[in-house]
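The lines below spell out each chain.
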Amino acid sequence: MTSNSILLAAGGTGGHVIPALAVCRGLKERGFNCKFLTDIRGQALLEKIAPEQKVSTISASSPVSGAFLKRLFSLLKLSFGVIQSVFYIARFRPFCIVGFGGYPSAPPLIAANICQLPSLLHEQNARIGRANLFLANRVKTMLLSWKNSKPLPKNTDVKLTGLPVRDVFFELTDYSEKSHFNKDKPCHILIIGGSLGAEIFVNLIPNAISNLPEEVRKSLTITQQVRSEQQPELEAAYSAMSIEHFCSSFFTKISDEMAKADIIISRAGAASVAEIAAIGRAAIFIPFPASLDDHQTFNAKSLTDENAAILVAQKEAESDPTLLTKELFSLITHPQKCKQIASKARKLAHRNALNEIIETIASCQKSFIGSAK
């Protein structure tokens, strides 16, 4: 094996690929030679967000859901993925393999065991995923994003590193407290909902805002991510309330939108929670209720349990439309509360997450060099 090459493996969704990409770039800046392994979904995503990144695909699928034949086929795909991974190890000769969750990270980590290579595993969510729990006892160290992460593996070393977040989120100044919000000094509310925007937010958020007193509504400026096919309906709702608004399916610089916000309403994907903490803004999290093992609720609790954000369950918000209204009213009419929550959130952010992950990988290199002497 060589002392400068690393294999990075990640599942095909943004939650796995983006942290892996951040680490890959950081390693390359420090002179490491990296190879990226994922499935065809991850390859398609990387072609969009990082076309310069070279990637190889491996076979993988979830063996824990579906009918018996589907699960059997998934196991066969994973087995073939292990064979592919052994081939890449023999060809690329890495000193370490790092997995970032999702089933496409399983074959390379299993192959690492077969080839007796050290391996690391990074978990993005506060609720440790099924694939990572399965793999945890097969790696040298599991790297955690949140201190409340669970369930923890029993016989594996764990290290809290945080989730890599772009420097731009930390470089922005602390949130400035407002004495009040009014038409001349509006309260900026940013609503984001994942890569496509949350479909239910198109009705849930305007309904909550419509229940606010008129003088409070007049003090609002709203920026909302929305699916393109829903945009006319959403804009009509805000126009009917005479609320200044900007709606889009995609924001090219989400950090700029967060920086302008006084309040952020968001799903609770790991990256969203980490970015909101890094930039330091008052947030209301409405976790996606169908997230696997309810991991978005656990992500949100990483902040809400420390009074650094507000948690509103979607089911409760749907059954009682005034619930979200009350939370918004409390923040809008008490701007100092926005400042307090924002400050607490930023203190919980892991500014050095990327460096800590890379330092842990570098320790594997030192062990490799030492064992080779």
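Residues numbered from 1 in each chain as written. Predicted model: local features only at pLDDT ≥ 70, side-chain atom pairs only at ≥ 80, totals over all residues. Heavy atoms only, no water.

Undergrad: I keep staring at the sheet that holds strand β4 (residues 96-99) and nothing clicks. Help me out?
TA: The pairing of strands in a sheet comes from backbone hydrogen bonds and takes either a parallel or an antiparallel form. Read from one edge to the other, the open sheet built from seven strands follows the order β3-β2-β1-β4-β5-β6-β7, with strand pairing classed as parallel. Since the sheet does not close on itself, it has two edges, and those belong to β3 (55-57) and β7 (157-160), each with one partner. Adjacent strand axes in the sheet meet at a mean angle of 25°, parallel and antiparallel pairs treated alike. Where strand β5 (residues 119-123) lies against strand β6 (residues 141-144), four bridges are found, and the strand directions are parallel. Within the sheet, the bridge partner assigned to E123 lies in β6 and is L144. The strands touched by helix α3 (residues 68-92) are β1 (5-9), β2 (33-38), β3 and β4; relative to β2, the strand with the most contacts, the crossing angle is about 170°. (Pairing = 2+ DSSP bridges. Helix = DSSP H or I, 4+ residues; strand = E, 2+ residues; numbered from the N terminus. Axes fitted to C-alpha atoms, helices over the stretch in contact; angles between N-to-C directions. Contact = heavy atoms within 4.5 Å.)

Undergrad: Sorry, what's going on with the packing of helix α1 (residues 14-29) against helix α2 (residues 40-49) here?
TA: Between two packed helices, what matters for the description is the angle formed by their axes and the separation of those axes. Between α1 and α2, the shortest axis-to-axis distance is 10 Å and the interhelical angle comes to 55°. With respect to each other, α1 and α2 are oriented oblique. The crossing of α1 and α2 is right-handed. Contacts between α1 and α2 involve G14, V17, I18, L21 and R25 on the former and, on the latter, G42, L45, L46 and I49. Partitioning the contact of α1 with α2 into residue classes produces six nonpolar, two polar and one charged. (Parallel < 35°, antiparallel > 145°, perpendicular 65-115°, else oblique. Left-handed = near helix turned anticlockwise from the far one by under 90°. Nonpolar A, V, L, I, M, F, W, Y, C, P; charged D, E, K, R; others polar.)

Undergrad: So what exactly am I meant to see when it comes to empty space enclosed by the protein here?
TA: Space left empty within the atom packing is revealed by a probe, the size of a water molecule, rolled over the atoms. Under the definition given, this model contains one cavity of 30 Å³ or more. Empty space within the largest cavity amounts to approximately 70 Å³. If you trace the largest cavity, you find it lined by S145, W146, L163, V165, F170, A274, A277, A278, L348, A349 and H350. Considering every element that reaches the lining of the largest cavity, the biggest residue donor is helix α11 (residues 270-279), with three residues. (1 Å grid on protein atoms, 1.4 Å probe; cavity = no way out; pocket = protein on both sides within 12 Å on 5 of 7 lines; lining within 4 Å. Points joined across faces, edges and corners; volume = space filled by probe spheres on them.)

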